[in-house]
Amino acid sequence: MVSFPNKRLVYHDRSDQTLNATSVDGLFPITLYTNINFEASSIVYEDDFFMLTNGYALYKKVGQSQVATLDCDVIHSQNDGFGNLCYFSTLSCAKKAKTTSSPVWIRESQPLWDKPENMIGASPSAWQNWTYAINCSMNGLVVMNFSGLTGIHAAVPDLESSQEYSVTLRACSPGGCSKSVSYEGTTLQPDDEPPYIAAASEDGIWKQDLDSVEFVEQMVSYIGDVKDMDWYSSTIYWTNSLGHINWIDLVDQSLNVMTMPSLLNAEALAFDWLGQYLYWSCNTNQICRGSVSGHGVEILLQAEQKILSLVVDLLNAAIYWTTETSVEGCRLDGDDYQLLEKLSVFSGKEMDLYLLL
């Protein structure tokens, strides 16, 4: 028989009465148990547990020694004909649910997970009515728990600011719960600065409070060539008409403009303040990613049309961009592409109307 989780072939060697295993390519053979002193017609071996039959009775291993001790009292019937043994875990949820979540939260965590995969050999129509349990801990103490969840996402609300939390998830069935998967995250510090927007003009970059009607503060006075910009904390990043990426730290009294060392053909721009990466549109229809040092620049993806703007959503680990006719998105690693909105082929085009009389 083949142990799929271990990717090994398990077999009974009649010549020396041993139970052996080897990789599926025949390499690295090992002896699992000795003293199998009868003819084994069918074997199951999973999770360091094995059972076998000689066609007349079922046997299982008892104890943890290398030499197999077999108990013939598991099932012993006057009716023979045992064969083709199959292994099913006593716990229906044998595989862990896989979860994803951003490591930085504002006031709540929003875990998202996949259902456990079906066991090998199970029918697609097999029982799959999983429920899920979530524990949220801080400093080793459980501060919140949820059970009986039936969906594949949840919200863990009312978290304290500037704290580290650990969230664990288990998938449950009537047979019990799976091993837990966990992830950790940190809530953000409260920001007392009022929200504002920034914009570039020919004579500098300006700042406007959201509750104001005018640009009341000039942030930088001598920067005029700005195609796109983004900022985080006291640092402003922008692209210019030459395709360069520049930035300036407003805390630095000298206000020196820094430039990434290579020409990147950059247009649209977004800054990842969590991973400290820059994302930008390059070569018209590609999205590139790299550090501000210019090292490790890579092409993340290629779109079908020219990219006009882009933005990163760090709390959901996603990036979104627009073209003339579409809004598209994917994960920050380039996976799970989605076409969010598509306009007609005539969108943004001029047309002449002729009347035939």
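Criteria and thresholds
- Residues numbered from 1 in each chain as written.
- Predicted model: local features only at pLDDT ≥ 70, side-chain atom pairs only at ≥ 80, totals over all residues.
- Heavy atoms only, no water.
- Helix = DSSP H or I, 4+ residues; strand = E, 2+ residues; numbered from the N terminus.
- Areas by Shrake-Rupley, 256 points an atom, 1.4 Å probe, with all protein chains shown as cover.
- Pairing = 2+ DSSP bridges.
- Salt bridge = Lys/Arg side-chain N within 4 Å of Asp/Glu carboxyl O.
- Buried < 20%, exposed > 50% of the residue type's maximum accessible area, 1.4 Å probe, protein only.
- Phe/Tyr/Trp six-rings, centres within 6.5 Å; stacked < 30°, edge-to-face > 60°.
- Axes fitted to C-alpha atoms, helices over the stretch in contact; angles between N-to-C directions.
- Polar contact = N/O pair within 3.5 Å; in protein donor to acceptor, adjacent residues only side chain to side chain.
- Contact = heavy atoms within 4.5 Å.
- Core = buried A, V, L, I, M, F, W, Y, C linked by side-chain atoms within 4.5 Å.
- Disulfide = S-S within 2.5 Å.

The helix and strand tally for the protein chain stands at 0 helices and 31 strands. Surface exposure of the protein chain reaches about 21600 Å², of which carbon and sulfur atoms provide 51%.

Right, let's get into the sheet that holds strand E22 (residues 245–249). Pairing is antiparallel in the open sheet, where 4 strands are placed in the order E20-E21-E22-E23. Strands with a single pairing partner mark the edges of an open sheet, and in this sheet they are strand E20 (228–232) and strand E23 (258–259). Pairing between strand E21 (residues 235–239) and E22: 5 bridges, direction antiparallel. In the strand pairing of E22, Tyr 237 is matched with Trp 247.

Take the pattern of salt bridges next. Side chains that differ in sign of charge can pair as their charged atoms come close. For the coordinates displayed, the defined rule picks out 3 salt bridges. In this structure, Lys 207 engages Glu 217 in a salt bridge whose closest nitrogen and oxygen atoms are separated by 3.9 Å. On the criterion of sequence distance, the pair formed by Lys 207 in strand E18 (residues 204–209) and Glu 217 in strand E19 (residues 217–220) is long-range, its members being 10 residues apart. A salt bridge links Glu 267 to Lys 306; the shortest N-O distance between them is 3.9 Å. In this pair, Glu 267 is assigned in strand E24 (residues 266–272) and Lys 306 in the loop between strand E27 (298–302) and strand E28 (309–313), connecting sequence segments 39 residues apart. For Glu 267, a relative accessible area of 23% corresponds to the partly exposed category.

Attention now goes to the packing of aromatic side chains. By convention here, two paired aromatic rings are described through the distance between centres and the angle between planes. If you walk through the whole model with that rule in mind, you get 7 aromatic pairs. Taking the centre distance of 5.6 Å and the plane angle of 10 degrees together, the rings of Tyr 232 and Trp 273 count as stacked. One end of the pair, Tyr 232, is in strand E20; the other, Trp 273, is in the loop between E24 and strand E25 (277–282), with 41 residues separating them in the sequence. For Tyr 232, a relative accessible area of 37% corresponds to the partly exposed category. Centroid distance Tyr 237 to Phe 271: 4.4 Å. Interplanar angle 20 degrees. Geometry classified as stacked. Taken together, the residues Tyr 237 in strand E21 and Phe 271 in strand E24 connect sequence positions 34 residues apart. Residue classification places Tyr 237 among the buried positions, given a relative accessible area of 7%. With relative accessibility at 3%, the residue Phe 271 sits in the buried group. Three or more aromatic residues link up through ring pairs in this structure, and these residues are Tyr 232, Tyr 237, Trp 247, Phe 271 and Trp 273.

Below, the discussion takes up the sheet that holds E19. Sheet strands pair by backbone hydrogen bonding; their relative direction is either parallel or antiparallel. Strands sit in the order E17-E18-E19 across an open sheet of 3 strands; the sheet is antiparallel. Of all the strands in the sheet, just strand E17 (196–201) and E19 have a single pairing partner and so form its edges. This sheet shows a mean twist of 35 degrees between the axes of neighbouring strands, independent of strand direction. Pairing of E17 with E18, which is carried by 6 bridges, proceeds in the antiparallel orientation. Each bridged residue has a counterpart across the sheet, and for Ala 199 the counterpart in E18 is Trp 206.

On the secondary structure map, Asn 246 appears in strand E22. With relative accessibility at 6%, the residue Asn 246 sits in the buried group. A polar side-chain atom of Asn 246 sits 2.7 Å from a polar atom in the side chain of Thr 259. Ignoring any residue separated from it by four or fewer positions in sequence, one finds Asn 246 in contact with Ile 236, Tyr 237, Trp 238, Asn 240, Val 257, Met 258 and Thr 259.

Note on soluble globular proteins: their nonpolar side chains tend to be buried together. By size, the foremost hydrophobic cluster in this structure holds 16 residues, and its most contacted members are Trp 113, Tyr 132, Ile 134, Cys 136, Val 156, Leu 159 and Leu 169. Looking at this core, the elements that each hand over two or more residues are strand E12 (131–138), strand E14 (164–173) and strand E16 (181–187). Within the second largest apolar cluster, 15 residues are counted, among which are Tyr 279, Val 312, Leu 314 and Cys 330.

A separate point is the state of the cysteines. Here the structure, examined in full by the defined rule, presents 2 disulfides. Cys 172 shares a disulfide with Cys 177; S-S distance 2.1 Å. Taking the sign of the torsion about the S-S bond as the criterion, the disulfide between Cys 172 and Cys 177, at about 100 degrees, is right-handed. Judged by its relative accessible area of 10%, Cys 172 falls in the buried class. Assessed through its relative accessible area of 30%, Cys 177 is described here as partly exposed.

Coordinates in, geometry out; function isn't part of it.
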